[in-house]
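Residue-level structural notes
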Amino acid sequence: PEVFKQNIQIIQNLVSRIQVLTRGAIAGIEQAYHQDVNPVQTATLIETLKRSLLELVEALRTSGVGALPLEPPPVPDTRTEEQLLAEASRTVQALYERQRRIQEGAGVVANLLGAAELQQQQAGSSQGSQGAGARR
């Protein structure tokens, strides 16, 4: 247990160091075109960050601390049942309205296509009757 606590402390220190290096690298990248920023220093920070990340991975792998979750536990939802129900109702209503509009649009398209087919059939049958009258 004592060795494991020491390993956790080492990992925490490495993570803190990586956070500082990351912030410095991000600042260097964001301000790359400012006169007072040295690109060599930013590149050095990034290389140091890469080495530190590899060091962290190796420390996690060898210490057993890597088996522990690094993320904090999820924050519990503090909304009341009524709030959750109201939100769910709003979501369902919005989805229902969206689906209704889609179906109405599909109905309009089907009606237009049906009307076009009917016109084509009527045009075809009137041409056929006109052609028959011309042959007589």
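Description of the structure in this document.

The rules behind these values
Within any chain, residue numbers begin from 1 and follow the written order of that chain's sequence. Reporting in this predicted model follows two pLDDT cut-offs: at least 70 for local features of residues, and 80 or more for side-chain atom pairs to be given and counted; totals over whole chains, interfaces and linings ignore these cut-offs and use all residues. Side-chain numbers come from the whole structure's heavy atoms, not from hydrogens or water. Helix and strand definitions here come from DSSP, where helices need a minimum of 4 consecutive H or I residues and strands a minimum of 2 consecutive E residues; each element is numbered from the N-terminal end. Here the expected span of a helix is defined as 1.5 Å times the quantity of residues minus one. Partly exposed residues are those whose accessible area sits between 20% and 50% of the maximum for their type, while under 20% is buried and over 50% is exposed, using a 1.4 Å probe and protein chains only. Residues count as neighbours in contact if any of their non-hydrogen atoms are within 4.5 Å of one another. Distance and chemistry together define a polar contact, namely a pair of N or O atoms within 3.5 Å, with one atom able to donate a hydrogen and the other to accept it when in protein, and with adjacent residues in sequence counting only for side-chain atoms on both sides.

With that out of the way, let us pick up helix α2 (residues 39-63). Helix length check: α2 (25 residues) gives 36 Å between terminal C-alpha atoms against 36 Å at 1.5 Å per residue, within 8%. Along α2, the positions that sit buried rather than exposed are Thr42, Thr48, Leu49, Ser52, Leu56, Ala59, Leu60 and Ser63. In this structure, the buried side of α2 is in contact with α1 (2-30). Taking the backbone nitrogen of valine 40 as reference, a side-chain oxygen 3.0 Å away marks asparagine 38 as the first, capping residue of α2. Just downstream of α2 lies glycine 64, where phi reads positive at about 90°.

Okay, α1 next. With 29 residues, α1 should cover 42 Å at 1.5 Å per step; its first-to-last C-alpha distance of 42 Å lies within 8% of that length. Here α1 has its buried residues at Asn7, Ile11, Leu14, Ile18, Leu21, Ala25 and Gly28. Among the structural elements, α2 are those in contact with the buried residues of α1.

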